[in-house]
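Each chain is listed here by its residues.
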Amino acid sequence: MNYKVPCILLLISVSLYYLLSPAPPLSDEQLTTHLKDKVVLICGASSGIGEELAYQLAGHGAKLVLVARNQDKLDVVKEGVVKLGATDVQTISFDFSDVKGSSGVINQTIAWFGKLDYLVSNHAAMGNSAFLGFPYRQEPDFIEKIFRVNLFSHIELAVHALPHLEASKGHMLFTSSMAGEAPLYRMSIYCSTKHGMNGFFYSLQQELMARESPVSLTIGSVGYIATKDLSQIVAGEGMTTPAWATGDVKECARGMIESYITRPPTMTYPKLYVYVHRAMWYILPVSSFHKTIIQIFKPPGTVGTGYQEALEFVNKGREIAKKLNFQQGYGPDDGK
Ligand SMILES: *[C@@H]1O[C@H](CO)[C@@H](O)[C@H](O)[C@H]1NC(C)=O
């Protein structure tokens, strides 16, 4: 059976539907009206999307609590947000692999500001590497640690933030990924934690709706975002990502901030790439999906599936991450 034509037609129509019907963006003034003096807790704020969120929120007059592992990096971000006009900024150095301790960042926020309006649960351990190529990744303790950071601590934060958010009629945003919707080549552990995140938080959305809670919850379905660190790593690996598949960190953060106000169940960015990935997974037979993805992501110039080459590729990226002091994960070579 030739499934290609209907697949392509369906892909085109789905893409057109979403591209042609975007929600109208909010103006800067509208954002400031909503965000002025709101207390926002950003977890994973020392780099990437979290850092950019801090800068944009500072510009709209929000009060910020910034959490990440590395205090030095947090201090740099704090300096940046103060320059942008933020007057109330606090930082907490915390490692979310301590699940039980996670609620401490909420308690501290309440102690400082007396309320919480927005929880931005954005921290994640990434670790772009093949599961089979790196034996330390197959250790149960390592896998469990990544689950603690990427999933269990988010649940703990939601549980402890909820009473405060009910009081403020607030909102929570969880940064998930298209890796929460379909498999992602060379990211199996990350991918499984994001699937867990989607499963848990989409179900929690239903419970919040069922009990008519004033608290809403958005799941960020995010594709590849060219953050400062990641784009250097990808460039150093010799990879090029097409523009349509690459998200801009500023646009991504802006979309997330708008979602605190419009409160959709899902915020998808970059739209076309994530929709195509999602559609491919549901439309293509599984084996064709896998083959297509391997072909897209194998190192340029290799023959066959290029698995060995891909491992060398990953090692190059790890060297760069180390130099950048980019703490993307918890492995022995994750830039610490
Ligand atoms: C935060 O406060 C809650 C409610 O009082 C408490 O149950 C929890 O143990 C506290 N978290 C930490 C890490 O101390």
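The preceding data block contains the structure.
Bear in mind that the values here come from a model prediction, so they are computed numbers and not experimental data.

We now examine unusual backbone geometry. Residue P270 follows Y269 across a cis peptide bond; omega there is -10°. Along the chain, P270 falls in the loop between β9 (266-269) and α10 (271-283). Unlike most non-glycine residues, K169 shows phi in positive territory, near 50°. Phi at E212 is positive, roughly 50°, even though this residue is not glycine. Mapping E212 onto the fold places it in the loop between α7 (188-210) and β6 (216-222).

Right, let's get into the packing of aromatic side chains. All chains considered together, the criterion is met by 8 aromatic pairs. When the centroid spacing of 5.0 Å and the interplanar angle of 80° are considered together, the rings of F94 and F96 count as edge-to-face. With respect to burial, F94 and F96 carry one shared label: buried. Relative to Y260, the ring of Y118 lies with its centre 5.0 Å away and its plane at 25°, an arrangement referred to as stacked.

Relative to the assigned elements, A310 resides in helix α12 (residues 307-324). We classify A310 as buried; its relative accessible area is 0%. For the pair A310 and S129, spaced 181 residues apart in sequence, the C-alpha to C-alpha distance is 9.0 Å.

For the ligand, the full set of nearby residues is K100, G101, S103, G104, N107 and H160. Take S103: an N or O atom from its side chain is 2.8 Å from a nitrogen atom of the ligand. Here an oxygen atom of the ligand and a side-chain polar atom of N107 are 2.4 Å apart. In the complex, the protein chains occlude 38% of the 360 Å² of accessible area that the ligand would expose alone. The element best represented in the shell around the ligand is helix α5 (residues 103-113), accounting for 3 residues. The class makeup of the residues in the shell around the ligand is no nonpolar, 5 polar and 1 charged.

Cut-off values and rules
Residues numbered from 1 in each chain as written. Predicted model: local features only at pLDDT ≥ 70, side-chain atom pairs only at ≥ 80, totals over all residues. Heavy atoms only, no water. Helix = DSSP H or I, 4+ residues; strand = E, 2+ residues; numbered from the N terminus. Phe/Tyr/Trp six-rings, centres within 6.5 Å; stacked < 30°, edge-to-face > 60°. Buried < 20%, exposed > 50% of the residue type's maximum accessible area, 1.4 Å probe, protein only. Near = heavy atom within 4 Å. Polar contact = N/O pair within 3.5 Å; in protein donor to acceptor, adjacent residues only side chain to side chain. Areas by Shrake-Rupley, 256 points an atom, 1.4 Å probe, with all protein chains shown as cover. Nonpolar A, V, L, I, M, F, W, Y, C, P; charged D, E, K, R; others polar.

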